[in-house]
Amino acid sequence: MRGVFIDANESLAEIFERQRRSGDPEMRVHLDPDIKPDDWPAILDGAEIGVVDHTALPTEVAKQCKGLKHVVFLGTGARSYMNPEELAELDITVHLIKGYGDTAVAEAAIALMWASARGIAQMDREMRAGNWLRDDGMQLTGKTLGLIGFGGIAAEVARIASGSGMKVIAWNRSPKSHPGVTFVDLDTLLKESHVVSLHLLLNDETRGFLSRDRIAQMRPGVIFVNTARAAIVDEAAMIDALRSGHIRHAGLDVFNTEPLPADHVLTTIPNVTLSAHSAFRTPEASENLIHAAWEHCRRVAKK
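Since we're looking at a predicted model, the values are computed, not measured.

**Section: helix α5 (residues 102–118)**
Point 1. The end-to-end C-alpha distance of α5, which contains 17 residues, comes to 25 Å, matching closely the 24 Å that a straight helix rising 1.5 Å per residue would cover.
Point 2. Among the 17 residues of α5, 12 are classified as buried, and the element is accordingly described as predominantly covered.
Point 3. Considered for burial, the residues of α5 that qualify are Asp-102, Ala-104, Val-105, Ala-106, Ala-108, Ala-109, Ile-110, Leu-112, Met-113, Ala-115, Ser-116 and Ala-117.
Point 4. A positive backbone phi angle near 60° is found at Gly-119, which sits one or two residues after α5.

Dropping the structure here:
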């Protein structure tokens, strides 16, 4: 069984090669992170396994990938790039990688929360422009952090936030318990949280989950952090809430269009801190990610 890492950047390619073992399936690295979806068939060249970092695989393109049986997606958000159910009808299985960057993403969420609370990015921009901006920040010790969705990342966020003196509450679609975290209904979370951090997977049930009505239920002056997926949020409603001040500040790592266009409205709103879908990007997380990808490849090659 052959495979191709179809859109590797230099960093991931180096890790991928370093973790290769004797007896592994034949895996070729295509060193080009900027390929187009239509390039899949030619790059695979009949290989059964496609390892993919971020390149979309439309179903119509997948039909042209003769021999493809397994897609190993580097992360959990494959649904933003392909339709797993439609691929399954083509006898193509999509494999996800969970947990590899829980700590990395949690630390990024905490960083966005603190940057939002103190307006650090906005002060930095103003000072570079010659302005001495001094606004009151939000002191987070003693404040309530609400986590929407509670998996491995949210558990790490809870650990860090609890250690900094915050009260942590959470809502999850299925019942859960966790030390130091109080689980509440969604209405209570939206009403009581000074900071809301989003940690849901994107699927048909969660698309648009944070609707205009639910944003309106949030505490006035709330800080909102999203390191999950942009499509979970009604973007227009979020923007309106930012402009009105109902959302004091948003720390966003994910967007409906990526890379974020230079003229996108979010780049013009001062009370937003933006990061380039990089919450998961640490050397430690990358090592974990590629290790898990290799394990998927080894497992399916043995079947």
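More follows now that the structure is in view.
**A few points about the pairing of strand β7 (residues 167–171)**
Point 1. Where burial is concerned, most of β7 is hidden: 4 out of the 5 residues are buried.
Point 2. Bridge analysis of β7 against strand β8 (residues 181–183) gives 3 bridges, and the strand direction is parallel. Counted as the bridge partner of Ala-170 is Phe-183 from β8.

**Comments concerning empty space enclosed by the protein**
Point 1. Per the counting criterion, the structure on display carries 2 cavities of 30 Å³ or more.
Point 2. The space that makes up the largest cavity amounts to roughly 70 Å³.
Point 3. Considering the residues around the largest cavity, the lining is formed by Asn-226, Ala-230, Val-233, Glu-235, Met-238, Leu-252, Val-254, Phe-255, Asn-256 and Leu-266.
Point 4. When grouped by side-chain class, the residues that make up the lining of the largest cavity number 7 nonpolar, 2 polar and 1 charged.

**A word on the pattern of salt bridges**
Between side chains of opposite charge, a pair can form when the charged atoms approach closely.
Point 1. All told, the structure shown has 13 salt bridges when counted by the stated rule.
Point 2. Here Asp-124 and Arg-128 are joined by a salt bridge, their closest N and O atoms 2.7 Å apart. Here Arg-128 and Asp-124 lie together in helix α6 (residues 120–128), a separation of 4 residues that amounts to about one turn.
Point 3. Asp-124 gets classed as partly exposed once you look at its relative accessible area, which sits at 35%.
Point 4. Residue classification places Arg-128 among the exposed residues on the basis of a relative accessible area of 70%.
Point 5. Two residues, Arg-173 and Glu-205, come together in a salt bridge whose shortest N-O distance is 2.9 Å. Of this pair, Arg-173 sits in the loop between β7 and β8 while Glu-205 sits in the loop between β9 (195–198) and α9 (212–217), placing them 32 residues apart in sequence.
Point 6. With relative accessibility at 63%, the residue Glu-205 sits in the exposed group.
Point 7. If you follow the salt bridges from partner to partner, you end up with Arg-21, Asp-24, Glu-295 and Arg-298 in one network.

**What about the sheet that holds strand β12 (residues 272–274)?**
Point 1. Ordered in space as β8-β7-β6-β9-β10-β11-β12, the 7 strands form an open sheet in which the pairing is parallel. At either end of the open sheet lies a strand with only one pairing partner, and these are β8 and β12. Geometrically, the sheet is characterised by an average inter-axis angle of 20° between neighbouring strands, direction not taken into account.

**Here's the deal with the nonpolar core**
Point 1. Core analysis: the largest hydrophobic core is formed by 31 residues, its most contacted members being Ile-148, Phe-224 and Met-238.
Point 2. Those elements that provide at least two residues to this core are β7, α8 (186–192), β9, β10 (222–226), α10 (235–244) and β11 (247–252).
Point 3. Of all the elements, α10 adds the most residues to this core, at 5 residues.
Point 4. Residues within four places of Phe-224 in sequence aside, it is in contact with Val-196, Leu-198, Leu-210, Met-218, Val-233, Met-238, Ile-247, His-249, Ala-250, Gly-251 and Leu-252.

**With respect to the packing of α5 against helix α7 (residues 152–163)**
Point 1. Where α5 contacts α7, the axes come no closer than 8 Å and their chain directions differ by 50°. As summarised for this structure, α5 and α7 are arranged oblique, according to the angle between their axes. Seen from above, α5 lies across α7 with right-handed handedness. Along the contact surface, α5 presents Asp-102, Thr-103, Val-105, Ala-106, Glu-107, Ala-109 and Ile-110, while α7 presents Gly-152, Ile-153, Glu-156, Val-157, Ile-160 and Ala-161.

Conventions we followed
Residues numbered from 1 in each chain as written. Predicted model: local features only at pLDDT ≥ 70, side-chain atom pairs only at ≥ 80, totals over all residues. Heavy atoms only, no water. Helix = DSSP H or I, 4+ residues; strand = E, 2+ residues; numbered from the N terminus. Expected span 1.5 Å × (residues − 1). Buried < 20%, exposed > 50% of the residue type's maximum accessible area, 1.4 Å probe, protein only. Pairing = 2+ DSSP bridges. 1 Å grid on protein atoms, 1.4 Å probe; cavity = no way out; pocket = protein on both sides within 12 Å on 5 of 7 lines; lining within 4 Å. Points joined across faces, edges and corners; volume = space filled by probe spheres on them. Nonpolar A, V, L, I, M, F, W, Y, C, P; charged D, E, K, R; others polar. Salt bridge = Lys/Arg side-chain N within 4 Å of Asp/Glu carboxyl O. Axes fitted to C-alpha atoms, helices over the stretch in contact; angles between N-to-C directions. Core = buried A, V, L, I, M, F, W, Y, C linked by side-chain atoms within 4.5 Å. Contact = heavy atoms within 4.5 Å. Parallel < 35°, antiparallel > 145°, perpendicular 65-115°, else oblique. Left-handed = near helix turned anticlockwise from the far one by under 90°.

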